[in-house]
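Close look at the chain arrangement
What follows is the residue order along each chain.
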Amino acid sequence: MHVTIKPGIYWVGAVDWNVRDFHGYHTQYGTSYNAYVVKGDKVALVDTVKHGFESQLFERLEHVGIEQIDYLVVNHVEMDHAGSVKAVMEKFPDVKIVTNARGKIGLKEAYGIDEDVIIVKTGDKLELGGKTLTFIETPMVHWPDSMATYVIEDRVLLPNDAFGMHYASSKRFDDEFSQEEMGRIFFEAAKYYANIVLLYSNQVQKVLKQIEELGLELDVIAPSHGIIWRDKIPEILQRYKAWSSGEADERVIIIYDSMWLHTEEAAFEVAEGVVDEGVEFRLYRLKNSDWTEVMTEIMISKGVIVGSPTLNRELFPTVAGFLAYMKGLKPFNKVAGAFGSYGWSGEAVGKIVDIFNQLKFDVVGSVRWKYSADEKTLEELRELGRSVARKVRGS
Ligand code: FEO
């Protein structure tokens, strides 16, 4: 069945309960592909669903009583939202596609869709009769073609990926969840930001400013994944402001891997140092850890300490892989430290520091030693934890 967002505006998306790997992102709680119908005298469908989920979309359209779609607004051409554009075009042959200039290119390059489309830019309006859509281009939040659609009369923002989270649910609105469930949902929204949007934080700031400058009133923010915001709009906006400006909690994340447990023992010693300063920490051994979650913890923690042994003059492979992933997402505004055991050449710690420097982290210190740590090294490791913690606390 469908869900009514406001009279004449309906959720007609699909819930994907079983997806656990979304192009490498660990979707522990599944996801949804949210599509929306806006029904004036004419009917607009805003976004579609991932290929393979068309039947859910079409059943819900039928449930709303939609027999004709006049416009298909493509806010974003990525496959989880535009993967059923062709199916919609086949079912509704008279539909006109509405997208921006980059969307038109994307539709052609990704799907071979080269029909006439209505190209819109920020501020353009599409009158449906009784309902008016306007558009806000949001380039690189998180693809070049990304765009938001706003229903003027109802103050409903359909921002596609922005403000979303991977979370499958039988409930659609934030006010239907318990406080405990909302804690999980906000964490999933943080996870989404950390793993999908973080690299584009400057652009997010511009979009937030644009929303303010346009004076958009927001009764509802209905993203393309997860739950719909109508009760906690100030909270999610505030979190986007914080995440995009590099605000983080006064805590430290320690991530490492280990060959013969010398680097692991050191990680525990570093952690003791963090505790000495009364700062909270979390610790992850990468071989057993969910990268998606670790990346989230990095975003929300002010301090980042990374440990790696040296293997064949390189970083240990799990650490190398994770740091390549992290570097691509460009976390910023972090206090950092590095440590690692080695047998003879010992390049790993220097390579960690190089990556920190590329990210402009404030590197407080690093410790490297041969094989197992002696008393002096143990104290240096503990002091590394203390000094990162002190700076995290701002003292
Ligand atoms: Fe949910 Fe960028 O697609």
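Before reading further, recall that the structure is shown in the block above.
Now for a look at the structure at hand. (Residues numbered from 1 in each chain as written. Predicted model: local features only at pLDDT ≥ 70, side-chain atom pairs only at ≥ 80, totals over all residues. Heavy atoms only, no water.)

A count of helices and strands for the protein gives 12 helices and 23 strands. Its C-alpha atoms give the protein a radius of gyration of 24 Å, within 12% of the compact-globule value 21 Å for 395 residues. Overall, the C-alpha framework of the protein stretches about 80 × 40 × 35 Å when taken along its three principal axes. Expressed as a percentage of the 395 residues in the protein, the buried residues total 58%. Restricting the contact set of the protein to residue pairs at least 6 apart, pairs at least 24 apart contribute 72%. Accessible surface computed for the protein: about 16500 Å², of which carbon and sulfur atoms make up 49%. One finds the centroid of the 45 positive side-chain charges in the protein at a distance of 3 Å from the centroid of its 59 negative side-chain charges. (Helix = DSSP H or I, 4+ residues; strand = E, 2+ residues; numbered from the N terminus. Rg over C-alpha atoms; globule rule 2.2 N^0.38 Å. Buried < 20%, exposed > 50% of the residue type's maximum accessible area, 1.4 Å probe, protein only. Contact = heavy atoms within 4.5 Å. Areas by Shrake-Rupley, 256 points an atom, 1.4 Å probe, with all protein chains shown as cover. Lys, Arg positive; Asp, Glu negative; His and termini not counted. Charge placed at Lys NZ, Arg CZ, Asp CG, Glu CD.)

Turning our eyes to something else, we now look at the packing of helix α8 (residues 262-276) against helix α12 (residues 375-393). Where α8 meets α12, the axes come as close as 7 Å, and the angle between the chain directions of the two elements is 45 degrees. The orientation of α8 relative to α12 falls into the category oblique. Two packed elements cross with a definite hand, and for α8 against α12 that hand is right-handed. For the pair formed by α8 and α12, the contact residues are Ala266, Glu269, Val270, Glu272, Gly273, Val274 and Asp276 on the first element and Leu378, Leu381, Arg382, Leu384, Gly385, Arg386 and Ala389 on the second. (Axes fitted to C-alpha atoms, helices over the stretch in contact; angles between N-to-C directions. Parallel < 35°, antiparallel > 145°, perpendicular 65-115°, else oblique. Left-handed = near helix turned anticlockwise from the far one by under 90°.)

What follows concerns the sheet that holds strand β11 (residues 117-119). With mixed pairing, the seven strands of this open sheet are ordered in space as β1-β2-β7-β8-β9-β10-β11. On the outer flanks of this sheet lie β1 (3-6) and β11, each paired with one strand and no other. Neighbour-to-neighbour, the strand axes of this sheet turn through a mean angle of 25 degrees, independent of strand direction. Of the strand pairs in this sheet, strand β7 (residues 36-39) and strand β8 (residues 43-46) are connected by four bridges, and their pairing is antiparallel. Looking at β8, one finds that Val38 is bridged to Ala44. (Pairing = 2+ DSSP bridges.)

Our next topic: helix α4 (residues 101-111). The complete set of buried residues in α4 reads Gly103, Gly106, Leu107 and Tyr111. Angularly, the buried residues of α4 cover 100 degrees about the axis, an arc narrow enough to put them on a single face. On the buried face of α4, the contacting elements are α2 (79-82), α3 (85-91) and β10 (96-99). With a side-chain oxygen positioned 3.0 Å from the backbone nitrogen of Arg102, the residue opening α4 is Asn100. Positive phi appears at Gly112, one or two residues downstream of α4, with a value of about 70 degrees. (Arc of directions from axis to C-beta. Polar contact = N/O pair within 3.5 Å; in protein donor to acceptor, adjacent residues only side chain to side chain.)

Remark: the empty space left among the atoms is shown by a probe the size of a water molecule rolled over them. Taken as a whole, the largest pocket holds about 320 Å³ of empty space. If you go around the largest pocket, you meet 17 residues; those closest to its centre are Met259, Thr310, Tyr342, Gly343 and Trp344. Broken down by secondary-structure element, the contributors of at least two residues to the lining of the largest pocket are α8, β20 (310-311) and β22 (335-342). Of the residues in the lining of the largest pocket, the class split is eight nonpolar, eight polar and one charged. Counted as a void, the second largest pocket has a volume near 220 Å³. Every residue along the wall of the second largest pocket is listed here: Gly183, Phe186, Phe187, Ala190, Arg239, Ala242, Trp243, Glu247, Ala248, Asp249 and Ile300. Elements that contribute at least two residues to the lining of the second largest pocket include exactly α5 (179-197) and α7 (233-244). (1 Å grid on protein atoms, 1.4 Å probe; cavity = no way out; pocket = protein on both sides within 12 Å on 5 of 7 lines; lining within 4 Å. Points joined across faces, edges and corners; volume = space filled by probe spheres on them. Nonpolar A, V, L, I, M, F, W, Y, C, P; charged D, E, K, R; others polar.)

How two aromatic rings sit relative to each other is set out by the distance from centre to centre and by the angle between their planes. The final tally for this structure, using the stated rule, is 14 aromatic pairs. Ring centres of Tyr25 and Tyr192 lie 6.3 Å apart, and the angle between their planes is 50 degrees; on these two criteria the pair is classed as tilted. Remark: Tyr192 occurs in helix α5 and Tyr25 occurs in strand β5 (residues 25-26); sequence separation between them is 167 residues. Taking relative accessible area as the criterion, Tyr25 reaches 2% and is therefore assigned buried. For the pair Tyr240 and Trp243, a centre-to-centre distance of 5.7 Å together with 55 degrees between the ring planes defines the contact as tilted. One end of the pair is Tyr240 and the other is Trp243, both in helix α7 and three residues apart, which spans about a single turn. (Phe/Tyr/Trp six-rings, centres within 6.5 Å; stacked < 30°, edge-to-face > 60°.)

Take the sheet that holds strand β19 (residues 301-307) next. Pairing between sheet strands relies on hydrogen bonds along the backbone, with the strands arranged either parallel or antiparallel. In space, the five strands of this open sheet follow the order β18-β17-β19-β22-β23, with parallel pairing throughout. Each of the sheet's edge strands pairs with one partner strand only, and the pair in question is β18 (280-285) and β23 (362-370). Neighbouring strand axes in the sheet, compared pairwise and without regard to direction, differ in orientation by 15 degrees on average. Where strand β17 (residues 249-256) meets β19, six bridges bridge the pair, whose relative direction is parallel. Considered in β19, the bridge of Ile253 is made with Val304. Across the sheet, α8 touches β17, β18, β19, β22 and β23, and the angle it forms with β17 is around 170 degrees.

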